[in-house]
Amino acid sequence: MTFAMAIGTEYYLALSALLFTIGAGGLLVRRNPLIMFMCIELMLNAANLAFVSFGKEMNDLGGQMSVLFVLVVAAAEVVIGLAIVVAVMRRRPKASIDEVSVLRG
Amino acid sequence: MEAITFFIAALIAVAGACGVVFLKNPVHAALSLVATLFGVAIHFINLEAYFLAAVQVIVYAGAIVILFLFVIMLLGVDRAESMESDPIIGQRQVALLATAGLLILGIFIGVAFSGEVTGVPPIEAQQSTFEGGLAIDNGTASDKVPPQENIKEIGRALFSTRYVFALEITALLLTIGVVGAVVLTRKTKSELDPIPVVEPPALMRNFEEEIELTLNEDEEKPIGENTDPSIEDLSNDELEVNGE
């Protein structure tokens, strides 16, 4: 079987765009704040994939370093975001982001 | 082999992403997110970013998704979300349109002309790696760096003068994250919290009315005027006791 197909950077970029789009669409469609956070994680992962594939194409380590820092920032963002979600849900137990459309506790 | 791995991992990642968006139960969505993260980790291995693949699995699938699941269980929102609530008319349709537009923008413009967008021609060595990645193993084995070298390079770069300041800022960010999480989730006695401000006076008033009723029954005084001042006296007494 001659499945001799070169996987270039553009394949990874297409996959990255697809993942980012799914994440963005989910962020717009869903109402549960936790699932919206998961969609943000999807978008961050798509960006990470693009970073690494560009880094490989350029033969540069900067792409992987950027992904490392994005990982740390994503972890901190998730911690703070989930803390905010917990603090909000304590007062308004209905799990919908429309409940907190007014910026007041 | 690289192509087969790519397509299998892409299938896993895209299926997991669709699961995150379309599954109604948040627990199922979190588990789909794990599938996506594993798919992206396989892609990282394919792209010779071995350390990042390990970090992806450990940090994302091991810590962040567990944190998601923990919050889901803590809040008890693990029941299915009603998809009917649509406060803005036609918001979902517009969202789907915007998503399709973003997809077209991403794939057909950003990717099909990626060489023109980035403006950098691919390096010759890298080109040979991409083209000969499948045909002969000997051609790729010399080009691929072993995983230990990748980790060593990342470690050296992380503490080089180029990235060490960003590393320090990262430490500061993590500290701020820990402190912020503790501050945000702590139960405060602030004025915004309605429970200690509103409820105790209501309970006290009911209690005083009950006392007043029992007093009236004992003394058998069916006078309506006498009840109100006595309640005020009682409440004044209570306030004084509380003040002391």
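Residues numbered from 1 in each chain as written. Chains lettered and ligands numbered in written order. Predicted model: local features only at pLDDT ≥ 70, side-chain atom pairs only at ≥ 80, totals over all residues.

## Considerations on the overall build of chain A
Regarding its fold elements, chain A presents three helices and zero strands. Each helix and strand of chain A, placed in order from N terminus to C terminus, yields the pattern α-α-α. When the backbone C-alpha atoms are referred to their principal axes, chain A occupies close to 60 × 30 × 20 Å. Counting the 105 residues in chain A, one finds 48% classified as buried. Put simply, 45% of the contacts in chain A that link residues at least 6 apart link residues at least 24 apart. (Helix = DSSP H or I, 4+ residues; strand = E, 2+ residues; numbered from the N terminus. Buried ≥ 20, exposed ≤ 12 C-beta atoms within 10 Å, placed from the backbone. Contact = placed C-beta atoms within 7 Å.)

## Some details on the overall build of chain B
The helix and strand tally for chain B stands at eleven helices and zero strands. Along chain B, helices (α) and strands (β) appear in the sequence α-α-α-α-α-α-α-α-α-α-α when read from the amino end. A separation threshold of at least 6 residues defines the contact pool for chain B, and within that pool the share at least 24 residues apart is 49%.

## Focus: the interface of chain B and chain A
Opposite the 74 residues of chain B that make contact, chain A presents 68 residues. Secondary structure elements with two or more residues in the side of chain B that touches chain A: α1 (2–22), α2 (26–46), α3 (50–75), α4 (91–111), α6 (124–131), α8 (147–158) and α9 (164–185) of chain B. Broken down by class, the residue content of the side of chain B that touches chain A amounts to 55 nonpolar, 13 polar and six charged. (Nonpolar A, V, L, I, M, F, W, Y, C, P; charged D, E, K, R; others polar.)

## Describing the confidence of the model for chain B
Residues and elements named next belong to chain B. Put simply, chain B has an average pLDDT of 73, and 57% of its residues get 70 or more. Looking across chain B, the model is least confident in helix α7 (residues 137–143), with a mean pLDDT of 42, and most confident in α2, with 93. A low-confidence stretch, residues 224–232 (pLDDT under 50), is modelled with five contacts involving residues beyond four sequence positions or located in other chains. Across residues 235–244, confidence stays below pLDDT 50; counting only partners more than four residues off in sequence or on other chains, it has two contacts. If you check the scores for this complex, the pTM reads 0.72 and the ipTM reads 0.90. (pLDDT = per-residue confidence, 0-100.)

## Examining unusual backbone geometry
The phi dihedral of A:Asn59 is positive, around 55°, even though this residue is not glycine. On the secondary structure map, A:Asn59 appears in the loop between α2 (33–58) and α3 (62–91). On the neighbour-count criterion, A:Asn59 (12 C-beta atoms within 10 Å) is exposed. Look at B:Glu48: it is not a glycine, yet its phi comes out positive at around 65°. Topologically, B:Glu48 is positioned in the loop between α2 and α3.

## Some remarks on the packing of α3(A) against α9(B)
The contact between α3(A) and α9(B) brings their axes to 9 Å, and the two run at 10°. Comparing their axes, α9(B) and α3(A) come out roughly parallel. Note on element contacts: α9(B) touches α3(A) through B:Ala166, B:Thr170, B:Leu173, B:Leu174, B:Gly177, B:Gly180, B:Ala181, B:Leu184 and B:Thr185, opposite A:Phe69, A:Val72, A:Val73, A:Ala76, A:Val79, A:Ile80, A:Ala83, A:Ile84, A:Val86 and A:Ala87. The class makeup of the residues in the contact of α3(A) with α9(B) is 15 nonpolar, four polar and no charged. (Axes fitted to C-alpha atoms, helices over the stretch in contact; angles between N-to-C directions. Parallel < 35°, antiparallel > 145°, perpendicular 65-115°, else oblique.)

## Side note on the environment of A:Ile40
All names here are of chain A. Among the secondary structure elements, Ile40 is positioned in helix α2. A tally of 18 C-beta atoms within 10 Å means that Ile40 is categorised as partly exposed. Among residues more than four places away in sequence, those in contact with Ile40 are Gly23 and Leu27.

## Re the nonpolar core
In a soluble, globular protein the nonpolar side chains are often hidden away together inside. One finds A:Leu19, A:Leu34, A:Met38 and B:Val20 to be the most contacted residues of the largest nonpolar core, which totals 57 residues. Listed by contribution, the elements that provide at least two residues to this core are α1 (9–29), α2 and α3 of chain A together with α1, α2 and α3 of chain B. Ranked by the residues each element gives to this core, the list is headed by α2(A), at twelve residues. (Core = buried A, V, L, I, M, F, W, Y, C linked by C-beta atoms within 7 Å.)

## Some remarks on the environment of B:Val20
Among the structural elements, B:Val20 can be located in helix α1. Taking the number of C-beta atoms within 10 Å as the measure of exposure, B:Val20 has 26 and is therefore buried. Residues B:Val20 and B:Leu33, spaced 13 residues apart in sequence, show a C-alpha to C-alpha distance of 6.0 Å. Other than its neighbours up to four places away in sequence, B:Val20 contacts A:Gly26, A:Ile35, A:Met38, A:Cys39, A:Leu42, B:Ala29, B:Ser32, B:Leu33 and B:Thr36.

## With respect to the confidence of the model for chain A
Averaged over every residue, the pLDDT of chain A is 85; residues scoring 70 or more account for 91%. Predicted confidence in chain A is weakest over α1(A), with a mean pLDDT of 88, and strongest over α2(A), with 92.

## A look at α3(B)
Taking 1.5 Å per residue, 26 residues should reach 38 Å; α3(B) reaches 36 Å between its end C-alpha atoms and fits that length. Considering bend angle alone, the principal kink of α3(B) is centred on B:Tyr60 and spans about 25°. Along α3(B), the positions that sit buried rather than exposed are B:Leu52, B:Ala53, B:Val55, B:Gln56, B:Tyr60, B:Ile64, B:Val65, B:Phe68, B:Val71 and B:Ile72. On its buried side, α3(B) packs onto α2 and α3 of chain A together with α2 of chain B. (Expected span 1.5 Å × (residues − 1). Bend = angle between axes of the 7 residues up to and from the residue.)

## What to know about the packing of α2(A) against α3(A)
Residue and element names in this part refer to chain A. It is the contact of α2 with α3, at a shortest axis distance of 9 Å, that shows an interaxial angle of 175°. In terms of axis orientation, α2 runs roughly antiparallel to α3. Residues Pro33, Leu34, Phe37, Glu41, Leu44, Ala47, Asn48, Phe51, Val52, Phe54 and Gly55 of α2 lie in contact with α3, whose contacting residues are Gly62, Gly63, Gln64, Ser66, Val67, Val70, Ala74, Val78, Gly81 and Val85. Considering only residue class, the contact of α2 with α3 consists of 13 nonpolar, seven polar and one charged.

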